[in-house]
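Here is what each chain is made of, one letter per residue.
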Amino acid sequence: MRIMKTTHQSLIFPLNVYAELLELAFGQVDFLSYGLQAEPGLSIVEAQQAMTTKLLAMLEHGPGSSVLDVGCGTGMLAQQLMASGYQVTAIDANEAAIAAARQRFASEAPLALAELQAFEPDQRFDVLILQNSARYQSPLTVFAHARRLLKAGGQLLIQEEFTGDDAERVAEPLPVLTHVVQMAGRAGFELTQQHDVSVGVGDWLQRCLPLLEQHMVALTERTGLSTQMLSDLRQSMSADLSRCRSGRYVHALLSFRMEDTDVTLLPAEALPIEQFRSLFENSFDTDFSAELWHWKYGQGRGHSVVACKQGEAVAHYGGISRDILYFGAPEQALQICDVMVLPQHRSFYSRSSLFFLTAATMLELHAGNTRRHLLGFGFPNLKAMHVAQRLKLYAKTDELMALSFPPGCFDTNTGDDAWTVASGSPDTGDWKRVDVLWQQMALAFTDGIVGLRNAHYLFYRYVQRPGLDYQFHVISHTSGEKAVAVTRDHGEGFLIMDIITADKNMAAALQALCRHGHDIGRPMIFWLSAGQQQRFQATGLQADATGIHIPCNAWTQGPSAEKLQGKWWLTAGDMDFL
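Because the structure is a prediction, the values reported are computed rather than measured.

So, how was this worked out
Residues numbered from 1 in each chain as written. Predicted model: local features only at pLDDT ≥ 70, side-chain atom pairs only at ≥ 80, totals over all residues. Heavy atoms only, no water. 1 Å grid on protein atoms, 1.4 Å probe; cavity = no way out; pocket = protein on both sides within 12 Å on 5 of 7 lines; lining within 4 Å. Points joined across faces, edges and corners; volume = space filled by probe spheres on them. Nonpolar A, V, L, I, M, F, W, Y, C, P; charged D, E, K, R; others polar. Buried < 20%, exposed > 50% of the residue type's maximum accessible area, 1.4 Å probe, protein only. Helix = DSSP H or I, 4+ residues; strand = E, 2+ residues; numbered from the N terminus. Pairing = 2+ DSSP bridges. Right-handed = clockwise from strand over helix to strand, strands pointing away. Axes fitted to C-alpha atoms, helices over the stretch in contact; angles between N-to-C directions. Contact = heavy atoms within 4.5 Å. Phe/Tyr/Trp six-rings, centres within 6.5 Å; stacked < 30°, edge-to-face > 60°.

Taken as a whole, this structure holds 4 cavities of 30 Å³ or more when the rule is applied. Counted as a void, the largest cavity has a volume near 90 Å³. What lines the largest cavity is simply Ala 134, Arg 135, Gln 137, Pro 139, Val 142, Phe 143, Ile 158, Glu 160, Phe 162, Pro 175 and Val 180. Residue composition of the lining of the largest cavity, grouped by class: 8 nonpolar, 1 polar and 2 charged.

Regular strands place side chains that alternate from one sheet face to the opposite one. Where burial is concerned, most of strand β19 (residues 524-529) is hidden: 5 out of the 6 residues are buried. Both strand β13 (residues 394-404) and β19 contribute to a ladder of 4 bridges, which runs antiparallel. The residue of β19 that forms the bridge with Leu 403 is Phe 526. Both strand β18 (residues 493-500) and β19 contribute to a ladder of 3 bridges, which runs parallel. Paired with Leu 495 across the two strands is Ile 525, which belongs to β19. Assessed by its sense of winding, the connection that carries the chain from β18 through helix α16 (residues 506-519) to β19 is right-handed.

What follows concerns the sheet that holds strand β3 (residues 111-113). Within the open sheet, the 7 strands sit side by side as β3-β2-β1-β4-β5-β7-β6. Their pairing is mixed. Every interior strand has two partners, whereas the edge strands, β3 and β6 (189-196), have only one. Taking the axes of each pair of neighbouring strands and ignoring which way they run, one obtains an average angle of 20° across the sheet. In this sheet, strand β7 (residues 249-258) lies alongside β6 in antiparallel orientation, the contact comprising 7 bridges. Counted as the bridge partner of Asp 196 is Ala 252 from β7. Helix α4 (residues 95-105) rests against β2 (87-92) and β3 of the sheet, and its axis sits at about 165° to β3.

With that out of the way, let us pick up the packing of aromatic side chains. As enumerated under the stated definition, the model contains 19 aromatic pairs in all. Measuring from centroid to centroid gives 5.5 Å for Phe 280 and Phe 288, while their planes differ by 70°, and the two rings are edge-to-face. On the accessibility criterion, Phe 280 (9% relative accessible area) is buried. Taken together, a centroid distance of 4.8 Å and an interplanar angle of 20° make the contact between Trp 295 and Tyr 460 stacked. Here the residue Trp 295 occupies a position in helix α11 (residues 290-297), and Tyr 460 occupies one in helix α15 (residues 455-463), the gap between them amounting to 165 residues. According to the relative accessible area criterion, Trp 295 is buried, its value standing at 5%. A relative accessible area of 12% means that Tyr 460 is categorised as buried.

Here it is as structure tokens:
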């Protein structure tokens, strides 16, 4: 049955273009998914059917079994399943797709406008199928909801495009295939079949490109899209073809069988904040603050994986996005924090432990060459660091040192005393100079890595942070040179959280600030990564180990520990998220 073209324009881009193209070229729109050029003579539409036939051949449950078609598109797959004797339910989050499927089925099949995460059926299914629809959510979300919707021993079938090669730094929207397979195992799914169909898909894409060029004018008229947008789409398809040919992208058919497990892994944002209260308080022996949790993870700042047992959060591995300069270039890093496992669920730290399940999954989702965050870093205690090193999750890149000037040091110091320290405020004119100071400071880090410390970040970091009070200081020189600093109470003295100034002034500004601390009877300590100590050459400066190691992500492909060794500029301001 043909799908009426009136539904095409409401499909999401670029599916609306593909639908119009198929209508123009073949007078029918059966599938919006990739085709498999299984043999040279197949048309584009026949190749789409060939891919579907190969997918259906992977079914491990016979006719009469219940199937959920997730992201059903035009409904052709569901129709063929029904014709083979399966009990089919089809869902799609796009109204136009559901409208197209309804035209195909009339009243034959249960259809629902629903997202996978929100679908609440009256039954569980023998089979879940995602035909080129898994890409629209995290693989962890797919596995978590497949566990919710499948019967024991049920089958999960996925036809999808993945990143195949993650050796180089290119952020990709598609997850790495090897990571998805590993993640499935942790989520309780055994891989039973895997077929690489990249060659056939590449041949199919090769046939699609001239067709798109041929109908460019008509597509512009029918879709209302500009010629530029359609040309950009063609370029994107051409780039996809190139990546497919090179192995950068992989097209695969995957079949998983759901195994018994009492652990469900989820993106933490799937749970209400209050569900982390008990886990947090039992892990850290301190009160949980929903306001602080939101400050860290809210509004897209954070990413976390949570392990649940019987609906209760029993483990959590979280991270916060940080804008950084990576050897002078803008990048993002994932700062790990709130690593928690309920005491009664802690066990020997093996690759079956809750710590490993959440940590490895988190790093695969969010850190590495193909992910949004190139780097992962944190400040684990020594026990956690050693465990993570043994499990090959982390490698050490540095450690934090405590820099200070001992009492009496300034009695004989002959350094420049033209620097003065005054209390500041984010509202003062001097404090608003921080963007200029940050730009000056950033120039010195083309040989290292530093988190952005502009005015916008500092306001979020120190003014908006709930639960702690910070002191702001303006350090001025008679020549007009300036620095700004942030401190907070730390025992009998102050812990210097951050100093922002030109590199040439860093040592003098620290010295002036510490002199000021001794003058008011509150000694100051500056925690700094050991590899950056060379920026401070001052008489009497003392450096003591804190015992806090700085790891990098070693689980997924990314910059090596050797490349990162001693390159991070990290202070107490970076770790005070914990």
